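Here's the letter readout for the chains.
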Amino acid sequence: MLFLILSRLFYLQVITGERLQEKAIDQWTREIPVVAERGEFYDRNGKLIVSNYDAYTVYARANAISDKETTAKILSESFSLDYQVFLNKLRKSSVSEITVARQVSQETINTILTNELKGVYYSRDNARYYEHGDFLSQVLGFTSVDGNGLTGLELYYNKYLKGQNGEILTETDIIGKEINGKNSYIPASDGLNVMLTIDFEIQLILEDVLSRAIEEHGAKTAEVIVVDPNTGEILGMCMKPSFNLNEIPRDNKDLLNALSRNVLITDVYEPGSTFKIITVAANIEEYLKGNSNAYSPSHIFNSSRYRYIDGQKVKCWSDHKNGKHANLNISGGLNNSCNPIFVDMAMSLGKEKMYEYITKFNFGKATGIDFVGESQGMILPVSSVQNVDLARIGFGQTIAVTPIQLALATAAVINGGNYYSPYLVKALYSSDNKLVERKMPILRNKVISKEASKILNEMLMDVVVSGSGNKAYIEGYNVAGKTGTAQKYENGVIASGKYVSSFIGYFPSNAPKYLALVIVDEPKGQYYGSTVAAPYAREIFERIIEVKQIKPVS
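Because the structure is predicted, anything quoted here is derived from the model rather than measured. (Residues numbered from 1 in each chain as written. Predicted model: local features only at pLDDT ≥ 70, side-chain atom pairs only at ≥ 80, totals over all residues. Heavy atoms only, no water.)

Draft legend 1. Representation of the sheet that holds strand β18 (residues 493-507) within the structure. Taking strand neighbours across the sheet as the criterion, the five strands line up as β10-β9-β19-β18-β17 in an open arrangement whose pairing is antiparallel. On the outer flanks of this sheet lie β10 (234-240) and β17 (480-490), each paired with one strand and no other. Within this sheet the neighbouring strands show an average axis-to-axis angle of 10°, counted without direction. Two strands pair when backbone bridges link them, and strand β9 (residues 221-227) and strand β19 (residues 514-521) are joined in this way by seven bridges, in the antiparallel orientation. (Pairing = 2+ DSSP bridges. Helix = DSSP H or I, 4+ residues; strand = E, 2+ residues; numbered from the N terminus. Axes fitted to C-alpha atoms, helices over the stretch in contact; angles between N-to-C directions.)

Draft legend 2. Geometry of the pattern of salt bridges. Across all of its chains, the model carries 25 salt bridges by this definition. Put simply, R44 and E233 hold a salt bridge, and the shortest N to O gap is 3.4 Å. With R44 in the loop between β2 (41-42) and β3 (48-60) and E233 in the loop between β9 and β10, the pair connects residues that are 189 residues apart, well separated along the chain. With a relative accessible area of 4%, E233 lands in the buried category. Note that K488 and D521 form a salt bridge whose closest N and O atoms lie 3.0 Å from each other. One end of the pair, K488, is in strand β17; the other, D521, is in strand β19, with 33 residues separating them in the sequence. An identical accessibility class is assigned to K488 and D521; each is buried. A single network of salt bridges, built from pairs that share partners, joins D208, R212, E216, E539 and R543. (Salt bridge = Lys/Arg side-chain N within 4 Å of Asp/Glu carboxyl O. Buried < 20%, exposed > 50% of the residue type's maximum accessible area, 1.4 Å probe, protein only.)

Remember that the coordinates give geometry; whether it matters functionally is a separate question.
Following this line, the structure appears as structure tokens:
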């Protein structure tokens, strides 16, 4: 019997002692949370983007309230509550604590305090303030009323931003009434501050340019992403239409979901002619390796503007007399965006080799960007690819990619062949400004050689100097790029009159520093990427040149 008693004591005091002690403390105390300060967001240069302001949460302890009717009346009037419903809650002896309201202003708290309501308490809470309202909205995301991230970077980095709450503990009796009025205080640990890769000045430019693009072209949406091609850092990311993060339409879920989705990361589209960059990259790299199926840069292609693949006609977008082009090499094909030339390259390389490069450029895979909900894109399994599918992949159809995938793949083409994973957060800091973690560029893989990259750069600069991208030309800054115009599909068939106009470009071509992908969805009237998207890319580059005081190339 003594052994059993000792064993039981050992079990209660040693094995389960800590858990039982926690239960006991929970029974004889009541807790008011001390909310940790949520971390703030800054741009790459220290510009404040998201901050907090003081708000409060109000609590009521039913068993500590003697005059429940008066208390219910004052609180229900202060917070627009149903008096009878709230009074019934206060009368329930089984409920020890009620959360009355969140995000309460200091003025309301002062009003409640003047009434000296016994059993009513409050604690400081976080209220998020987005310094520029409708700015970087789909990237930053927003929080719930209790301060947890719901979308965007607020969600992805929530565990770092939210910190660790503390508590104020009050001793009570078994029914929740205070015993001696003494409190114990457990301090909160504030969340980490986040430094973005985003450049505030560049983002400001994007917000302005896209708002006008929507207005001037009556477009459904417009998007742009600006990347440092040498690191994968996202310098700017914008989508329109958008919304003010300080006035979130929480009562309209469909509208909120549509406006808050970061389509540059989560949605896919057929890239059209901008994908021709990848086809040329594969062809030139294979040519340099000695692959006899690849075409040399000087090769003159069949002048016919038609190709027939498995009985299906593939034609060039432009109308030429007698159905013929002038003699075009690869550079000329890029300048004129002639589909048959890219059909020839894809068909000559073959589906296995083309898919080898599609895989190298990480299409069909997540880029690994620090964001929730990234799509992997949509590519056909190589085993099911028919000749006509391969032909269309060569000029950017029958393949669906995310804008972020296309931007990073193009960055790899023009930076010497290095594919860097994209990222939106540069560093994490403690509330006293001590560095906790710094994010570094991640080289994912090598896609093409420096020599192939150099050849592509020269070709893409020529597209802007004398080809379809000429509306992006800026004297003295060696802008390079490629236009794209893709037909849209609805229910598996081409949607009449609906296009996606795009331009992907960068400067300076000899040492790329800024790469931008501009997409205008369903513009009214003109719809070619050369006339719709390219001019906005030029304006973005011109304004970056101005604010960064970039001198022309000598």
